[in-house]
Amino acid sequence: MSAKSAISKEIFAPLDERMLGAVQVKRRTKKKIPFLATGGQGEYLTYICLSVTNKKPTQASITKVKQFEGSTSFVRRSQWMLEQLRQVNGIDPNRDSAEFDLLFENAFDQWVASTASEKCTFFQILHHTCQRYLTDRKPEFINCQSKIMGGNSILHSAADSVTSAVQKASQALNERGERLGRAEEKTEDMKNSAQQFAETAHKVGPAEGQSS
């Protein structure tokens, strides 16, 4: 099971939530830790997750999930409602970049994703989710590539590919069905012709025999 599948099962499924997407990240700048905050739990992996509730009305949220070194389980840390997201900064609109910033009402984080493509996929899902579930105040997307701002292009392209494949398969089946239909018609015609020929020959045969 992949890490994201495990997060979805362990963190969100028990709360009747559905995870839409996640991106593994690291901080671009080290966060200042208070003097009293000592005795940390060591190295860890961080994931920024986007989820929605299954219960209506649907509520979307962004959750920070961590997995500490030596542990197979995941821990839910900070969480924000999607309405609290104010700005999504893609850093560079002219090239694929793994860096991005998230600005909330009460927090600001600077991240770098494990890969630029993973960030791109997460941004597309995030942008689509904001358009779908936020009606009043949507977050500002700045310094983002056009393929991200084009909506859920990855989702659309995948859906289009599936739809196209289904249509082609359906067309092929229809064409095959038509060919089979025509073949069956020809076979039936040949069968009828043979039967008629046999009947005619049977009738003509005795008559010729009597006349001789």
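Right above here is the structure, for reference.
Keep in mind the model is a prediction, meaning the values are calculated, not measured.

Points about the overall build of the protein
In terms of helices and strands, the protein carries 4 helices and 8 strands. Seen in sequence order, the protein has helices and strands lined up from the N terminus as α-β-β-β-β-β-β-β-α-β-α-α. Considering the protein as a whole, with its 212 residues, one finds that 30% of them fall into the buried category. When contacts within the protein are restricted to residue pairs at least 6 apart in sequence, long-range pairs at least 24 apart make up 55% of them. Accessible area of the protein: about 13800 Å², with a carbon and sulfur share of 52%.

Side note on the side chain of K64
Tracing the backbone through its elements, the reader meets K64 in strand 3 (residues 60-68). Residue contacts for K64: discarding those within four places in its chain leaves R27, T46, Y47, I48, V75, R76, R77, S78, W80, D109 and W111.

Some words on the pattern of salt bridges
Following the criterion strictly, the structure yields 8 salt bridges and no others. Among the ionic pairs, D109 bridges to R27, the shortest N-O distance being 2.8 Å. Of the two residues, D109 is situated in strand 7 (residues 108-113) and R27 in strand 1 (residues 17-27); the sequence distance between them amounts to 82 residues. Here the salt bridges do not stand alone but share partners, grouping R27, K64 and D109 into one network.

Brief notes about unusual backbone geometry
Geometrically, the link from K56 to P57 is a cis peptide bond, its omega value of -5° lying close to zero. With respect to the helices and strands, P57 occurs in the loop between strand 2 (44-53) and strand 3. Non-glycine residue D16 carries a positive phi angle of around 60°. One can find D16 in the loop between helix 1 (3-12) and strand 1. The class of D16 is partly exposed, set by a relative accessible area of 41%. One non-glycine residue with positive phi stands out, namely I91, at about 75°. Turning to its location among the elements, I91 is positioned in the loop between strand 5 (85-89) and strand 6 (99-104).

Quick look at helix 1
Where helix 1 is concerned, the buried positions are A6, I7, I11 and F12. Summarising the axial view, the buried residues of helix 1 lie within an arc of 165°, below the 170-degree limit, and thus occupy one face. Those residues of helix 1 that are buried are in contact with strand 1, strand 2, strand 3 and strand 4 (75-81).

Notes on helix 2 (residues 116-133)
Spanning 18 residues, helix 2 covers 26 Å between terminal C-alpha atoms, matching the ideal 26 Å at 1.5 Å per step. Regarding helix 2, the residues found buried are E118, K119, C120, F122, F123, Q124, I125, L126, H127, T129 and C130.

With respect to the environment of F123
With respect to the element layout, F123 can be found in helix 2. Along the chain, F123 and F141 lie 18 residues apart, while their C-alpha atoms are 9.4 Å from each other. Those residues in contact with F123 that lie beyond four places of it in its chain are V88, N89, G90, F100, F141, C144 and I148.

Definitions and limits used
Residues numbered from 1 in each chain as written. Predicted model: local features only at pLDDT ≥ 70, side-chain atom pairs only at ≥ 80, totals over all residues. Heavy atoms only, no water. Helix = DSSP H or I, 4+ residues; strand = E, 2+ residues; numbered from the N terminus. Buried < 20%, exposed > 50% of the residue type's maximum accessible area, 1.4 Å probe, protein only. Contact = heavy atoms within 4.5 Å. Areas by Shrake-Rupley, 256 points an atom, 1.4 Å probe, with all protein chains shown as cover. Salt bridge = Lys/Arg side-chain N within 4 Å of Asp/Glu carboxyl O. Arc of directions from axis to C-beta. Expected span 1.5 Å × (residues − 1).

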